[in-house]
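Spelled out from the first residue to the last, the chains are:
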Amino acid sequence: MELKIQVLAIVASLGLLVVVLELVRRRRFLERYAILWLLSGVVLLALSVWQGLLSTLASAVGIIYPPNALFLIAFGFVLVLLLHFSLAVSRLSDQSKLLAQRLAMLEKRQRDTERRLEAGDEETLERVAPPR
Amino acid sequence: MTPVNPDRSYLAVVPAYNEAATVGRVVRSIRQRAPHFDIVVVDDGSTDATGPIAEDAGAHVLRHPFNLGIGGAVQSGFVYALDNGYDYMVQVDGDGQHLPEEIAVLADAMAADPRVDVVCGSRFLGDHGYPAPVSRRTGIHIFAFLLSRLIGQRVSDPTSGFRLYNRRSIALFARDYPHDYPEVEAVLMVHHHRLRIREVPVRMLERGGGVSSIRSGKSAYYMIKVLLAIFVGLARARPVVEPGDDAPVVAGQRI
């Protein structure tokens, strides 16, 4: 692999690692979501430094030019990360749906209770604020 | 009129999103034609006066803080029915398409066969001549054909939301109801859970106002989404969260 490309790959994966670590340090990033990013940064860095491994991998799957193998692996990580986020988004939208539904129920109960209180419903008054 | 069983409680759920033009009429009409039904309008994040109008007309109102879509709205109805111990729940759309006088037809079918868990009003059984555009009818017939093969029972109108549910089906759908365009997938769920569904012929109108949840530009997306839902539903390892399973919010495996 040409030196220029190797330097570029090392700088890029180092940059990625530093940014992710910094985001985690500032608590902008939940560790849960940082793990995949860190893993991809570490693997890409290792492969850019360790030329022999990259060449072995590349020739094993029939890639003539080793840096292309690096691209392929990086692309694989991107796909996995995207899938991971789709899962996270699906879970969040399920959760927000449930929250919205529960909120609607609670608001209705609160409105009903307030209305009965205003109407001076004795039974409700006792239940909500028991006489001392 | 159906003879009303006074020991049973009945709930009509009216999902409504920006239906201020029609929801008042729908609620009053249900009160008049099906007086033994309590009415809850699910105001699905409307930006118009749907909620207050429904309340003035005499309905209970559940207000979603933002729009969840028809599936989320109807599911709120199921949860309300379950929480308040209703024996039967009917869905009547807020756009005036479903006729409250036809609720009795559904209730009769439910009373006639106690093994039935869901009674579905169909536009295409009998000779009611539903005035739908050809494109929409074609789509519905494709779903009908597929579903009928899949569940081994003739389904003529799988997109109809005009349905009456008993306690078992209420409990099922309160736990898990499909998201975007739920009716077709719900038929499949009923089948998976070995509940029974029956169709009866009803009349329906074209929408009285507002905008359908299925806009014409979205109909291709609708077709694809529902077809996907049918096939994914078939392949789902665990169709619905059962008591004791992981919490339902983790069930985000649905694509």
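Residues numbered from 1 in each chain as written. Chains lettered and ligands numbered in written order. Predicted model: local features only at pLDDT ≥ 70, side-chain atom pairs only at ≥ 80, totals over all residues.

**Some points on the overall build of chain B**
Just so we agree on the cut-off: Only DSSP runs of H or I covering at least 4 residues are called helices, and only runs of E covering at least 2 are called strands; the numbering of each starts at the N terminus. In this scheme every C-beta is placed from the backbone, and a residue whose C-beta has 20 or more other C-beta atoms within 10 Å is buried, one with 12 or fewer is exposed, and one in between is partly exposed. Contact definition: two residues whose C-beta atoms, as placed from backbone geometry, lie within 7 Å.
For chain B, the count of helices and strands is eight helices and seven strands. Sorting the 255 residues of chain B into buried and exposed places 44% on the buried side. A separation of at least 24 residues holds for 75% of the contacts in chain B among residues at least 6 apart in sequence.

**Some words on the sheet that holds strand E3 (residues 60-63) of chain B**
Residues and elements named next belong to chain B. Stated precisely, the cut-off is as follows: Two strands qualify as a pair provided that DSSP identifies no fewer than 2 bridges between them. Helix axes use the C-alpha atoms of the stretch in contact, all axes being lines fitted to C-alpha atoms, and the angles between their N-to-C directions lie in the range 0 to 180 degrees.
Taken in spatial order, the seven strands make up an open sheet running E3-E2-E1-E4-E6-E5-E7, and their pairing is mixed. Both outer strands of the open sheet, E3 and strand E7 (197-201), are each paired with one neighbouring strand and no more. Each neighbouring strand pair of the sheet contributes to a mean axis angle of 20 degrees, computed without reference to strand direction. Summarising the sheet, strand E2 (residues 37-43) and E3 pair through four bridges and their orientation is parallel. Bridged to Val40 within E3 is His60. Each of strand E1 (10-16), E2, E3 and strand E4 (88-91) touches helix H3 (residues 70-83); the most contacted strand, E1, lies at about 160 degrees to it.

**Quick look at the packing of H3 of chain B against helix H6 (residues 167-175) of chain B**
Residues and elements named next belong to chain B. What counts, and what does not: What sets the label is the angle itself: under 35 degrees gives roughly parallel, over 145 gives roughly antiparallel, 65 to 115 gives roughly perpendicular, and the rest give oblique. Each crossing gets its handedness from the near helix: less than a right angle anticlockwise from the far helix is left-handed, clockwise is right-handed.
It is the contact of H3 with H6, at a shortest axis distance of 8 Å, that shows an interaxial angle of 125 degrees. Considering their axes alone, H3 and H6 lie oblique with respect to each other. Between H3 and H6 the crossing geometry is left-handed. On the side of H3, the interface is formed by Gln75, Phe78, Val79, Ala81 and Leu82, while H6 contributes Ile170, Ala171, Phe173 and Ala174.

**Quick word on helix H1 (residues 23-33) of chain B**
Residues and elements named next belong to chain B. Cut-off, in case you're wondering: The reported arc concerns the directions from the helix axis to the C-beta atoms and nothing else.
What H1 keeps buried is the set Val23, Gly24, Val26, Val27 and Ile30. Each buried residue of H1 sits inside an arc of 165 degrees when the element is viewed along its axis, so together they form one side. Buried residues along H1 sit against E1, E2 and helix H2 (50-56).

**Structural notes on the nonpolar core**
We count it as follows: For our purposes the nonpolar core covers buried Ala, Val, Leu, Ile, Met, Phe, Trp, Tyr and Cys residues that link as a set through C-beta atoms within 7 Å.
With 69 residues, the main nonpolar core has Ala12, Val14, Val41 and Met89 of chain B as its most contacted residues. The leading source of residues in this core is H3 of chain B, at seven residues. When neighbours within four sequence positions are excluded, Met89 of chain B is seen to be in contact with Leu11, Val13, Gly77, Phe78, Ala81, Tyr165 and Ile170 of chain B. Grouped together as the second largest cluster of nonpolar side chains are seven residues, Ala9, Leu44, Ala58 and Leu70 of chain A included.

**Notes on the confidence of the model for chain B**
All names here are of chain B. Put simply, the test is: In predicted models, pLDDT denotes the confidence assigned by the predictor to each residue on a 0 to 100 scale.
Looking at chain B, the pLDDT average stands at 83 and 82% of residues meet or exceed 70. Here residues 248-255 is modelled with pLDDT under 50, and outside its nearest four sequence neighbours on either side it reaches 16 contacts, counting other chains as well. Here the prediction assigns the complex a pTM of 0.80, and the interface score ipTM is 0.79.

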